[in-house]
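Descriptive analysis of the structure
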Amino acid sequence: MEFGYFAMPSHPPERGLKEGHDWDLQVLRWLDEMGFSEAWIGEHHTAPWEPHPAPDLLIAQALLQTKRLRIGPGGFLLPYHHPAELANRVAMLDHLSEGRLNFGIAASGLPSDWAMFNVDGMSGANRDMTREALDIILRLWSEDEPFHYEGKFWKVDKPGTMFGFLKPHIKPVQAPHPPIGVAGLSKNSDTLKLAGERGFLPLSLNLNPAYVSSHWDSVEAGARKSGRTPWRGDWRLVREVFVAETDEEAWRLSVGSHMGRMMGEYFLQLLAQFGFKDYLKHDPSVPDSDVTVDYCAKHNWIIGSPKTVAEKIERIYEEVGGFGQLLVFGFDYMESSEAWKTSLGLLQSEVAPRVRHLVPPRQAALAAE
């Protein structure tokens, strides 16, 4: 079991954009110093609670201020980028990282972002665009010969040499490409099927553990299409985590502080708009009105003393059938930074030794459909 980090990044709406950016940089430095394995940085354009539209700006700075931490977008919203431009930018970023870059991709799920970029997300066009853009990016990185790609959404050429010296030449330093991660939320998630089909890293967003167990079914369904054998050790689970010396202190510093505020003022309201509160319930009969911050803290969050947190991680591990990495969901604790730093430190120093034995076994090959 390893620990990583997943940042929207989330900041309260009154936080200045540079202030929030600087807080994220500070946290990434802590993660590197403490021995966390990786960090993923989100992209959003129209959410004041998720205010970073360009994760690569943060990543490029963080790479200069860290030594071991793998960092990547979590993810680039492919419908909003020209695939040829993004292929070159990600490849360059991989060189700057000296091979520490992860390449997270996503289809975008905010209707306000769809509206800004005139993408028909209601019909699923965002998912189709994501698949097409990724196909183009991977071809640009892998094929040496010129080609013409004429898709539904983009026309892209990889031209041959011009004038004897002009030609496409930018490829990632990691061969054949940086590790690709995809995040999934809903049951039968199309993106998690894509992860299984293509051998990408699946990330399950922070939902009720009983619900998340269905996500691996999607990964396996995708894997069967291509005859792959997925390994649960590649599976990342994003969770709300807070560790303190006692259970009572952890509750006070999470539910009663910045975690509780962000979840109450933004995230639970956002999920309610999509009818996603069902994904947070430990029992389908629970009414939506009961799914509050306190309810989520009790049933879904991993908060408490190091002993309690280790026990909760082991319980979730058994409930979902095993996973390889826990990604801490990032929050803005700028006004009480030592509490957040202490929580991250306790997770690595006190919790990690208690859960290090949790390693999913390699499974037998899946039969292709």
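In this text the structure is predicted, and so the values were computed from the model without any measurement. (Residues numbered from 1 in each chain as written. Predicted model: local features only at pLDDT ≥ 70, side-chain atom pairs only at ≥ 80, totals over all residues. Heavy atoms only, no water.)

**Comments concerning the UniProt feature "domain: Luciferase-like" (unreviewed entry) in the protein chain**
The criterion, for reference: UniProt positions are given in the numbering used here, feature names are shortened, and annotations may be inferred rather than shown by experiment. The way it works is that DSSP assigns letters per residue, a run of H or I at least four long becomes a helix, a run of E at least two long becomes a strand, and they are numbered from the N terminus.
The sites that UniProt annotates as "domain: Luciferase-like" (unreviewed entry) are residues 1-321. Summarising residues 1-321: 44% helix, 15% strand, and an end-to-end C-alpha distance of 13 Å.

**Thoughts on helix α3 (residues 83-97)**
The cut-off we apply is this: Expected span of a helix: the number of residues minus one, times 1.5 Å. Burial classification: accessible surface area is computed with a 1.4 Å probe over protein chains only, and a residue below 20% of its type maximum counts as buried, one above 50% as exposed, and the rest as partly exposed. Summarising the geometry, the arc corresponds to the directions from the helix axis toward the C-beta atoms.
The end-to-end C-alpha distance of α3, which contains 15 residues, comes to 21 Å, matching closely the 21 Å that a straight helix rising 1.5 Å per residue would cover. Buried within α3 we find Pro83, Leu86, Ala87, Val90, Ala91, Leu93, Asp94 and Ser97. When α3 is viewed along its axis, its buried side chains cluster within an angular range of 160 degrees and face the same direction. The positive-phi residue at the C-terminal boundary of α3 is glutamate 98, with phi of around 55 degrees.

**A look at the sheet that holds strand β5 (residues 103-106)**
For the record, the criterion: Two strands pair under a simple rule: DSSP has to find at least two bridges between them. We call two residues contacting when some pair of their heavy atoms lies within 4.5 Å. With axes taken as lines fitted to C-alpha atoms, and helix axes fitted only over the stretch in contact, angles between N-to-C directions fall between 0 and 180 degrees.
Strand order across the open sheet formed by nine strands is β3-β2-β1-β13-β10-β9-β8-β5-β4, with parallel pairing between neighbours. Looking at strand neighbours, the two that pair on one side only are β3 (70-73) and β4 (76-77), the edges of this open sheet. Of the strand pairs in this sheet, strand β2 (residues 38-41) and β3 are connected by four bridges, and their pairing is parallel. Looking across to β3, one finds that alanine 39 is bridged to isoleucine 71. Helix α2 (residues 55-65) rests against β2, β3 and β4 of the sheet, and its axis sits at about 165 degrees to β3.

**Structural notes on the pairing of strand β8 (residues 180-184)**
For β8, the tally of buried residues reaches four of five residues, placing the bulk of the element in the interior. Inspection of the sheet shows β5 paired to β8 by three bridges, in the parallel sense. Bridge pairing in β8 links glycine 104 to glycine 181.

**Looking at unusual backbone geometry**
Cis geometry is found at the peptide bond from glycine 74 to glycine 75, where omega equals 5 degrees. By the secondary structure assignment, glycine 75 is in the loop between β3 and β4. Looking along the chain, the bond that leaves alanine 175 and enters proline 176 is cis, with omega of -5 degrees. Tracing the chain through its elements places proline 176 in the loop between β7 (155-158) and β8. Backbone geometry at asparagine 118 places phi at a positive 55 degrees, although glycine is not the residue there. Mapped onto the fold, asparagine 118 is located in the loop between α4 (111-117) and α5 (125-142).

**Thoughts on the side chain of asparagine 126**
Short version of the rule: We define a polar contact as two N or O atoms separated by no more than 3.5 Å, with the added condition that, inside protein, one atom must be a possible hydrogen donor and the other a possible acceptor, whereas residues neighbouring each other in sequence contribute only through side-chain atom pairs.
You can see asparagine 126 is positioned in helix α5. Judged by its relative accessible area of 4%, asparagine 126 falls in the buried class. A distance of 3.3 Å separates a polar side-chain atom of asparagine 126 from the backbone oxygen of alanine 107. Those residues in contact with asparagine 126 that lie beyond four places of it in its chain are Pro79, Ala107, Ser108, Trp114, Val119, Asp120 and Gly121.

**Notes on helix α13 (residues 337-355)**
Its 19 residues give α13 an end-to-end C-alpha distance of 26 Å, which sits within 8% of 27 Å, the value for a rise of 1.5 Å per residue. Listed as buried for α13 are Ala339, Trp340, Ser343, Leu344, Leu346, Leu347, Gln348, Val351, Ala352 and Val355.

**A few points about the packing of aromatic side chains**
How two aromatic rings sit relative to each other is given by the distance of their centres and the angle of their planes. We count it as follows: Classification of ring pairs uses Phe, Tyr and Trp, with its six-membered ring standing for Trp, and accepts pairs whose centres are within 6.5 Å; under 30 degrees between planes counts as stacked, over 60 as edge-to-face, and the remaining range as tilted.
Summed over all chains, the structure comprises 19 aromatic pairs. Residues phenylalanine 163 and phenylalanine 165 carry aromatic rings whose centres are separated by 6.4 Å and whose planes lie at 40 degrees to one another, so their mutual orientation is tilted. For the pair formed by phenylalanine 163 and phenylalanine 165, the shared burial category is exposed. Measuring from centroid to centroid gives 5.3 Å for tryptophan 216 and tryptophan 235, while their planes differ by 35 degrees, and the two rings are tilted. Taken together, the positions of tryptophan 216 in helix α8 (residues 215-226) and tryptophan 235 in the loop between α8 and β10 (236-239) put the pair 19 residues apart, joining distant regions of the chain.

**As for the side chain of glutamine 348**
For glutamine 348, the position within the fold is in helix α13. Within the structure, the side chain of glutamine 348 is placed 2.9 Å from the backbone oxygen of glycine 35, a separation counted as a polar contact. Residue contacts for glutamine 348: discarding those within four places in its chain leaves Phe3, Met34, Gly35, Phe36 and Pro353.

**As for the environment of alanine 7**
Looking at where alanine 7 falls in the secondary structure, it is placed in strand β1 (residues 2-7). For the pair alanine 7 and glycine 330, spaced 323 residues apart in sequence, the C-alpha separation works out to 4.6 Å. When residues no more than four places from it in sequence are discounted, the contact partners of alanine 7 are Trp40, Ile41 and Gly42.

**Here's the deal with the pattern of salt bridges**
Defined as follows: The term salt bridge refers to a pairing of a side-chain nitrogen on Lys or Arg with a carboxyl oxygen on Asp or Glu at a separation within 4 Å.
Counted according to the given criterion, the structure contains 17 salt bridges. Glutamate 38 is the salt-bridge partner of arginine 236, the closest N and O atoms lying 2.9 Å from each other. Of this pair, arginine 236 sits in strand β10 while glutamate 38 sits in strand β2, placing them 198 residues apart in sequence. Glutamate 38 carries the same exposure label as arginine 236, and that label is buried. With a closest N to O distance of 3.3 Å, aspartate 135 and arginine 198 form a salt bridge. Of the two residues, aspartate 135 sits in helix α5 while arginine 198 sits in helix α6 (residues 190-198), which places them 63 residues apart along the sequence.

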